[in-house]
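Chain residues, written in single-letter form:
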Amino acid sequence: MGGDGKKWGVFLLPALATLSFVFIAPICILIVLSFYQMTGPAVVGDEASLSNYVQFFSDPFYLRILWNTFTLGGLVVLFCLIIGYPVSYFLARSNSRWRGFLLFLVVSPLLVSAVVRNIGWFPILSNSGLVNWLLLESSIISKPIPLISNFTGVIIGLVHALLPFMILTLTTVIQRIEPELEDAAASLGAGPVTVFTQVLLPLSIPGAIGGSLLVFTMAIAAFTTPVIMGGNRVLVMATYIGQQFRTVLDYAIGATAAAILLILVGLLTVVASKLGARKVEAM
Amino acid sequence: MTHLVLDKVHKRYGEAVAVREVSLQLTDGEFVTLLGPSGCGKTTCLRMVAGFVKPDAGTITIDGVDITNKPPYERDMGMVFQSYALFPHKTVAANVAFGLKIRRVSTAESDQRTKEALNLVQLEHLADRYPSQLSGGQRQRVALARAVVIRPKVLLLDEPLGALDLKLREELQIEIKRVQSTLGITTLFVTHDQGEALGLSDRIAVMRDGNIIQIDTPTKIYERPNSTYAANFVGRTNLAQVMVRKADPQAGYLVEMVDQPGVTFEVAGDQPQQFLVGERCSLAARPEHFDIGSTDGNTVEAVVTDVNYRGSIWNVELLAKGNWPVSAQVRPGGRVPTKSETVSLGWHPSRSFLLKLSDDEKI
C-alpha cells in the first residue's frame, strides 16, 4: 500500500500547489502584515510588533465590533436551530411524496446569488414593504418597524442564507435516531414534549453542535449580506475588515482584525468538536 | 387483573387491508402469540394495541375501558422491540428507570424497583453500563426489565428474539417465559417463528392475510391444525389427497388414496372439521408420527429415497405408494433404513388428521 500511495500521491500535486498558492500563502502574508504598522495608504512599515493586537483588545471600538459579530453569529444560530429543527424532523421521518419537493425548497436559497436573495427582502421588509403594510393596515402598529438596513435585517438575511446548512446537518443526525426509540419512550408513558426533551434532543446534540458551528462560522464571515441587509450601518468584523482594505487602505489593522477572527473561529471549532466528541463517546 | 379485548379491529393502508376485522380476547395473565409470516398483519395488530397505529374500525378495550383512541403514553403498556430500542445516551439503570421517572415515582422507590427489575433479568451487575457496552441478549433483557418495571397492564413483545442468534434465542425464550409467569402479566407476543410460539404461548393465533385463521393451544394447533396453511406453517406436514369412504362419529373416518385406489387408511380422534362420505380432502401426518417398519395401524409400502443425520434424529425421505412423498423420522436406537430399501410405513390412526382442500388444491 505504501508504495502505491506514493505513486498515486503524484496526482495530488496540482491540487496541493493550487491550494498553497491561493489559500495558504495569502493567509500567511495576512498574518505577517498584522505585525506591522501602517505608514501610508496601503503601505506598512518594517518594524514588527504586537501593538496592533494590543490596540485591538484595549479599544472599546474594536471590542464592540467583536461583540456585535459574535452576537450576530449566536442569534443566527439560535434562529436556525429553532426554525430548522421541526423541518429537519419532518424530512428525517416522513415518507410523504412531498418530501423531495420540500428538500428542494430547503436547498433553494443556495441556488440564488447572495445579492438577488438579499435584494428580494426589500419589498417585504422595508418601511413601505409587505410586512409593515400588513401590520399598519390591521392597526397592530401605528408606525413602521425598521426591519431592514439594520441589525435585524442582517439576522433575517443570514438566517435565510444559512438555514439550509443547519437543516441538512440536523436531518442526517435525526435520521440516525431510531424511530423506535420514540415509540419506546411513548409506551413508557412519555408524552410528545418528554419524548423531545428526554430522547430526541439529547441524541441530536452532536448534530446540533456540528450544524451550529457551520452556521456560526459562515455567519460571522459573511460579507455581502451584512453590507446589503445592514445598509452600511452594521459594523461586524467582516464589514470592518472590508472597509480597512478597500476604503481606508489600512492593511495593518485590517490584517489584525482578520487574524483575530481566524484565530477565534479556529479556537471555537476545536472547543465545539471536543464537546461533540465527548457527547458521542458517552453514548 | 387485565382483560384485553380486540373487537372487529380493522386497518387499511390505502387499498391494502392489513388487518381484517380481527377479534381476540386475552384473559388475565395469559400469554397469547400472533403467529404468521411477514405481512400477515400481526405487527399491525400489536401496534394498534400499543397505540402507535389507529384502527379504521373496531374497538380495543382493557378491563372494559375503551382505549381505542387513547395515545400510546396513556395506555400503560410495556413494549419490547426487535431492535431493543434502548436509549443509547442513558445507562442501563436510567433506561429501566425511565418509565418510573415519568410516573414521578420517588427516587427511593424508583431505585428499589429498578434494582428488582434488573435482578429479575439477572443484570444487576451491569446497571451502570451503557447499552452499547452490552451484548444483544443483554440488551433485550434490559428492554424486558424496562418494560415490566412500570407494572404495565399488558406486555407487548414485537419479535423480541428476531435479532438474536439461535442459542441466545433459546436462552431468552426461557427468560421471557420465566419473567412473564413470575409477574403473571398478560402478554401479547408477535413472531414468525413457530418454535417460539409453541414453546412460550398459552394460546396461538395463526394469522394469514390480516385474518386470524385459527386460535388454540399450542398442542391443538400442532396436532389438529384446521387448514393446510396452518399445518404447513407450524411444523412439517405430509399431505396425501384422499377420498372419504366411511364417516362414523365414533370410530372416525376411512379414507382411500386418490392416486392409488384400494389403499385405505383409518383416521381416528377429534377432527377440527366435519367431512362427508365422497368428499375429497387431505390426509395429514407429522414426520415424527410415522413408524418405519411397523405393521400396526395404518401401513403403506414405501421406498427410502434419502437419509439425513440431524444429531438428535435421522430424517428419512420416502416415496410411498401412490406417489406420496413422505418425510419421516427415526430416533436414536431405532433401525435406520438404507437408501432404496423398501419398507413398511406405519402410523396410528389417531396420529393423522384430515384437512379441507384449499382453493388452489381443488384444481
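Trainee: I'd love a proper account of the overall build of chain A, names of residues and values included.
Mentor: Along chain A, the regular secondary structure elements total 14 helices and 2 strands. Principal-axis analysis of the C-alpha atoms places the extent of chain A at approximately 75 × 70 × 35 Å. Each of the 283 residues in chain A was classed as buried or not, and the buried ones make up 39%. Of the contacts made within chain A by residues no fewer than 6 positions apart, 68% connect residues no fewer than 24 positions apart. Total accessible area on chain A stands at roughly 15400 Å², and carbon and sulfur atoms take up 73% of it. Across chain A, the mean location of the 14 positive side-chain charges is 5 Å away from that of the 11 negative side-chain charges.

Trainee: Explain the packing of aromatic side chains residue by residue, including any values.
Mentor: All chains considered together, the criterion is met by 21 aromatic pairs over all chains. On the basis of an interplanar angle of 15° and a centroid distance of 6.1 Å, the ring pair of Tyr 229 of chain B and Phe 233 of chain B is categorised as stacked. Of this pair, Tyr 229 of chain B and Phe 233 of chain B both sit in helix H8 (residues 228-233), separated by 4 residues, roughly a single helical turn. Among the residues examined, Tyr 229 of chain B registers a relative accessible area of 18% and is labelled buried. Between Phe 265 of chain B and Trp 347 of chain B the ring centres are 4.9 Å apart and the planes differ by 50°, which places this aromatic pair in the tilted class. Taken as a pair, Phe 265 of chain B in strand E13 (residues 264-267) and Trp 347 of chain B in strand E19 (residues 342-347) lie far apart in primary sequence, 82 residues in all. In terms of burial, Phe 265 of chain B and Trp 347 of chain B fall into one category: buried. These aromatic residues form a ring-pair network of at least three members: Phe 56, Phe 57, Phe 61, Tyr 62 and Tyr 240 of chain A. Taking NZ or CZ as reference, Arg 286 of chain B lies 4.1 Å from the ring centre of Tyr 222 of chain B, over its face. The cationic tip of Lys 356 of chain B hangs over the ring face of Phe 275 of chain B; the distance from NZ or CZ to the ring centre is 4.6 Å.

Trainee: Let's hear about the confidence of the model for chain B: which residues, and what values?
Mentor: Residues and elements named next belong to chain B. On average, residues of chain B carry a pLDDT of 92, and 99% of them reach 70 or more. Within chain B, helix H9 (residues 359-362) has the poorest average pLDDT of any element, 67, and strand E3 (residues 31-35) the best, 97. Across the whole predicted complex the pTM is 0.83, and at the interface the ipTM reaches 0.85.

Trainee: Provide a residue-level description of the nonpolar core, including the pertinent values.
Mentor: Of all hydrophobic cores here, the largest spans 124 residues; its most connected members are Val 76 of chain A together with Leu 156 and Leu 188 of chain B. Broken down by element, the residue count for this core peaks at 11 residues, all from helix H9 (residues 151-175) of chain A. Once residues within four sequence positions are removed from consideration, Leu 188 of chain B is found in contact with Leu 24, Leu 26, Val 32, Leu 34, Leu 46, Val 49, Val 154, Leu 155, Leu 156 and Leu 157 of chain B. Formed by 29 residues, the second largest nonpolar core is a distinct cluster that contains Phe 265, Ala 285, Val 316 and Leu 345 of chain B.

Trainee: Any details on the interface of chain A and chain B? Residues and values, ideally.
Mentor: Contacts between chain A and chain B engage 20 residues on the former and 23 residues on the latter. Of the roughly 1900 Å² buried where chain A meets chain B, counting both sides, 64% is carbon and sulfur surface. When residues of chain A are sorted by the area they lose upon contact with chain B, Ser 187, Leu 188 and Gln 198 of chain A head the list and together hold 32% of the total. A salt bridge links Asp 183 of chain A to Arg 47 of chain B, with the shortest nitrogen-to-oxygen separation between them at 2.8 Å.

Trainee: Lay out the pattern of salt bridges with the relevant residues and their values.
Mentor: Residue and element names in this part refer to chain B. For the structure shown, the criterion picks out 13 salt bridges over all chains. For the salt bridge of Glu 175 with Arg 178, the shortest nitrogen-to-oxygen distance reads 3.0 Å. With Glu 175 and Arg 178 both in helix H5 (residues 166-183) and 3 residues apart, the pair spans about one turn of that helix. Relative accessible area serves as the criterion here: at 9%, Glu 175 is assigned to the buried category. Taking relative accessible area as the criterion, Arg 178 reaches 31% and is therefore assigned partly exposed. Two residues, Arg 335 and Glu 341, come together in a salt bridge whose shortest N-O distance is 2.3 Å.

Trainee: Account for the sheet that holds E13 of chain B, naming residues and giving values.
Mentor: All names here are of chain B. In space, the 5 strands of this open sheet follow the order E13-E12-E11-E14-E20, with antiparallel pairing throughout. The sheet is open, and its two borders are formed by E13 and strand E20 (352-355), each paired with just one other strand. If you compare each strand with its neighbour and ignore which way they point, the axes differ by 45° on average. Both strand E11 (residues 238-248) and strand E12 (residues 252-257) contribute to a ladder of 6 bridges, which runs antiparallel. Across the sheet, Lys 246 pairs through a bridge with Leu 254, a residue of E12.

Trainee: How would you explain unusual backbone geometry if you had to name every residue and give the values?
Mentor: Look at Ser 139 of chain A: it is not a glycine, yet its phi comes out positive at around 55°. Among the residues examined, Ser 139 of chain A registers a relative accessible area of 59% and is labelled exposed. Phi is positive for Asp 63 of chain B, close to 50°, though the residue is something other than glycine. A relative accessible area of 37% places Asp 63 of chain B in the partly exposed class.

Trainee: How would you explain a nonpolar patch on the surface if you had to name every residue and give the values?
Mentor: All names here are of chain A. A cluster of nonpolar side chains, Trp 98, Phe 101, Phe 104, Leu 105, Leu 111, Val 112, Val 115, Val 116 and Ile 119, forms an exposed patch at the surface whose accessible area comes to about 900 Å². Examined against the element boundaries, Phe 104 turns out to sit in helix H5 (residues 99-107). Phe 104 sits in the partly exposed class, given a relative accessible area of 47%.

Trainee: Got a sec to walk through H5 of chain B? Specific residues and values, please.
Mentor: Since the α-helix turns once every 3.6 residues, residues separated by three or four places project in the same direction. All names here are of chain B. Helix length check: H5 (18 residues) gives 26 Å between terminal C-alpha atoms against 26 Å at 1.5 Å per residue, within 8%. Within the span of H5, buried status applies to Leu 172, Gln 173, Glu 175, Ile 176, Val 179 and Gln 180. On its buried face, H5 is in contact with E3, helix H3 (107-120), helix H4 (136-148), strand E7 (154-158), strand E8 (186-191) and helix H6 (194-200). Of the residues trailing H5, Gly 184 is marked for its positive phi of about 60°.

Trainee: An account of the sheet that holds strand E2 (residues 16-26) of chain B is needed here, citing residue identities and associated values.
Mentor: Residue and element names in this part refer to chain B. The sheet built from 4 strands is open, its strands ordered E2-E1-E4-E5 with antiparallel pairing. The two strands at the open ends of the sheet, each matched to only one other strand, are E2 and strand E5 (65-66). Note that strand E1 (residues 4-13) and E2 share 7 bridges and pair antiparallel. Each residue of the ladder has a partner; that of Val 9, found in E2, is Val 22. Contacts between helix H1 (residues 42-50) and the sheet are confined to E1, E2 and strand E4 (57-62), with E1 contributing the most and set at about 115° to the helix.

Trainee: Summarise helix H10 (residues 179-187) of chain A; cite the residues concerned and give the values.
Mentor: For H10 of chain A, the tally of buried residues reaches 7 of 9 residues, placing the bulk of the element in the interior. Taken together, the buried positions of H10 of chain A are occupied by Leu 181, Glu 182, Asp 183, Ala 184, Ala 185, Ala 186 and Ser 187 of chain A. Buried residues along H10 of chain A sit against helix H4 (60-93) and helix H11 (192-221) of chain A together with H1, strand E6 (77-80), helix H2 (92-102) and H4 of chain B.

Trainee: Residue-level account of the pairing of E7 of chain B, with values.
Mentor: All names here are of chain B. For E7, the tally of buried residues reaches 5 of 5 residues, placing the bulk of the element in the interior. Taking every second residue as pointing to the same face, both faces of E7 are buried, with Val 154, Leu 156 and Asp 158 on one and Leu 155 and Leu 157 on the other. The pairing of E6 with E7 spans 4 bridges and is parallel. Counterpart to Met 77 in the pairing with E7 is Val 154. On the question of chirality, the crossover connecting E7 to the parallel E8 by way of H5 is right-handed.

Cut-offs used in this document
- Residues numbered from 1 in each chain as written.
- Chains lettered and ligands numbered in written order.
- Predicted model: local features only at pLDDT ≥ 70, side-chain atom pairs only at ≥ 80, totals over all residues.
- Heavy atoms only, no water.
- Helix = DSSP H or I, 4+ residues; strand = E, 2+ residues; numbered from the N terminus.
- Buried < 20%, exposed > 50% of the residue type's maximum accessible area, 1.4 Å probe, protein only.
- Contact = heavy atoms within 4.5 Å.
- Areas by Shrake-Rupley, 256 points an atom, 1.4 Å probe, with all protein chains shown as cover.
- Lys, Arg positive; Asp, Glu negative; His and termini not counted.
- Charge placed at Lys NZ, Arg CZ, Asp CG, Glu CD.
- Phe/Tyr/Trp six-rings, centres within 6.5 Å; stacked < 30°, edge-to-face > 60°.
- Lys NZ or Arg CZ within 6 Å of the ring centre and 35° of its normal.
- pLDDT = per-residue confidence, 0-100.
- Core = buried A, V, L, I, M, F, W, Y, C linked by side-chain atoms within 4.5 Å.
- Buried area = accessible area lost by both parts, 1.4 Å probe.
- Salt bridge = Lys/Arg side-chain N within 4 Å of Asp/Glu carboxyl O.
- Pairing = 2+ DSSP bridges.
- Axes fitted to C-alpha atoms, helices over the stretch in contact; angles between N-to-C directions.
- Patch = residues over 30% accessible without salt bridge, like charges linked within 9 Å, V, L, I, M, F, W, Y side chains within 5 Å.
- Expected span 1.5 Å × (residues − 1).
- Right-handed = clockwise from strand over helix to strand, strands pointing away.

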